[in-house]
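# Inside the fold
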Amino acid sequence: MNATTPPSTPKPRSAPKRARSAPRTTARLAAVQALYEMEVSGKSGHEVVPEFVGRRFAGLIEGGDMAPADPKFFERLVLGVAGEMPTLDGMLTDCLQPEGHLERLEVVLRAIFRLGTYELLSVDDVPVRVVISEYVDLTHAFFAGREPGLVNGVLDKIARVVREDEISGPGSGGAS
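Here the structure is a predicted model, which is why all the values come from computation and not from measurement.

## Digging into helix H1 (residues 23–41)
An ideal rise of 1.5 Å per residue puts 27 Å on 19 residues; H1 measures up with 26 Å between its terminal C-alpha atoms. Within H1, 15 of the 19 residues are buried, leaving the element largely enclosed by the surrounding structure. Positive backbone phi, at 80°, marks Gly42, one or two positions downstream of H1.

Following this line, the structure appears as structure tokens:
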């Protein structure tokens, strides 16, 4: 690694829809930025989490009026993704084939995919539709192109495997 400073943490173009009122939405935004920082700097989750929490998540978005982030949820997401990276990447690679490869995606998009997949796998108290909607909204905050549709499709595919009962269960309305 050279002595140059790593790129600054990416700022979204706009705040995610629910960020003004939902601490978990703000925690998800911070988690995207933390995973980005981990990847570009080589820091561990145990280094990055206290830095973000210590700064009280300052500077997540320029001029953004957001609810305070839920620090426990943020830590759960960042450390959970860090601990499950091989599993998450394997699932994502399977979903992206044959069109694309996970390692070719932009770092922020990779972070969004990993967080959404982790949440579908490990955060049972958040319904599938909410998880997918939150990460599609986050993707819209960072990207203006086709990326939100890609996130929607990949997370839906993963949800159909890891939360099959919830998607096909009574009253779910089933995702189509």
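## Some words on the packing of aromatic side chains
Evaluated as defined, the whole model comprises one aromatic pair. One Lys or Arg, Arg24, reaches over the ring of Phe73 and ends 4.1 Å from the middle of that ring.

## Here we look at the confidence of the model for the protein chain
The predicted model of the protein chain has a mean per-residue pLDDT of 84, with 77% of residues at 70 or higher. For residues 1–6, every residue scores under 50 in pLDDT, and the model assigns this stretch five contacts once sequence neighbours within four places are set aside.

## Some remarks on the nonpolar core
Counting 52 residues, the largest nonpolar core has Phe74 and Tyr135 as the members making the most contacts within it. Looking at this core, the elements that each hand over two or more residues are H1, helix H2 (45–54), helix H3 (71–96), helix H4 (107–122), helix H5 (128–142) and helix H6 (147–162). It is H3 that contributes the most residues to this core, 10 residues altogether. Leaving out residues up to four positions away in the same chain, Phe74 has contacts with Ala27, Ala30, Ala31, Ala34, Val49, Phe52, Val53 and Phe57.

## Describing the packing of H4 against H5
For the pair H4 and H5, the least separation of the axes is 10 Å and the interaxial angle reads 170°. It follows that H4 is roughly antiparallel to H5 by the angle criterion. Residues Val108, Leu109, Ile112, Leu115, Gly116, Glu119 and Leu120 of H4 lie in contact with H5, whose contacting residues are Val128, Val131, Tyr135, Leu138, Thr139 and Phe142. Class assignment for the residues of the contact of H4 with H5 results in 10 nonpolar, two polar and one charged.

## Let's talk about the pattern of salt bridges
Per the counting criterion, the structure on display carries 10 salt bridges. Here Arg28 and Glu134 are joined by a salt bridge, their closest N and O atoms 3.3 Å apart. Remark: Glu134 occurs in helix H5 and Arg28 occurs in helix H1; sequence separation between them is 106 residues. By relative accessible area, which is 5% here, Glu134 ends up buried. Across the salt bridge formed by Arg163 and Glu166, the nearest N and O atoms sit 3.0 Å from each other. One salt-bridge network, held together by shared partners, links Glu39, Asp89, Arg110 and Arg114.

## Notes on H6
With 16 residues, H6 should reach 22 Å at 1.5 Å per residue; the first-to-last C-alpha distance of 22 Å fits that figure. Where H6 is concerned, the buried positions are Pro148, Val151, Val154, Leu155, Asp156, Ile158 and Ala159. Check the buried side of H6 and you find it contacts H3, H4, H5 and helix H7 (164–168).

Quick notes on the rules
- Residues numbered from 1 in each chain as written.
- Predicted model: local features only at pLDDT ≥ 70, side-chain atom pairs only at ≥ 80, totals over all residues.
- Heavy atoms only, no water.
- Helix = DSSP H or I, 4+ residues; strand = E, 2+ residues; numbered from the N terminus.
- Expected span 1.5 Å × (residues − 1).
- Buried < 20%, exposed > 50% of the residue type's maximum accessible area, 1.4 Å probe, protein only.
- Phe/Tyr/Trp six-rings, centres within 6.5 Å; stacked < 30°, edge-to-face > 60°.
- Lys NZ or Arg CZ within 6 Å of the ring centre and 35° of its normal.
- pLDDT = per-residue confidence, 0-100.
- Contact = heavy atoms within 4.5 Å.
- Core = buried A, V, L, I, M, F, W, Y, C linked by side-chain atoms within 4.5 Å.
- Axes fitted to C-alpha atoms, helices over the stretch in contact; angles between N-to-C directions.
- Parallel < 35°, antiparallel > 145°, perpendicular 65-115°, else oblique.
- Nonpolar A, V, L, I, M, F, W, Y, C, P; charged D, E, K, R; others polar.
- Salt bridge = Lys/Arg side-chain N within 4 Å of Asp/Glu carboxyl O.

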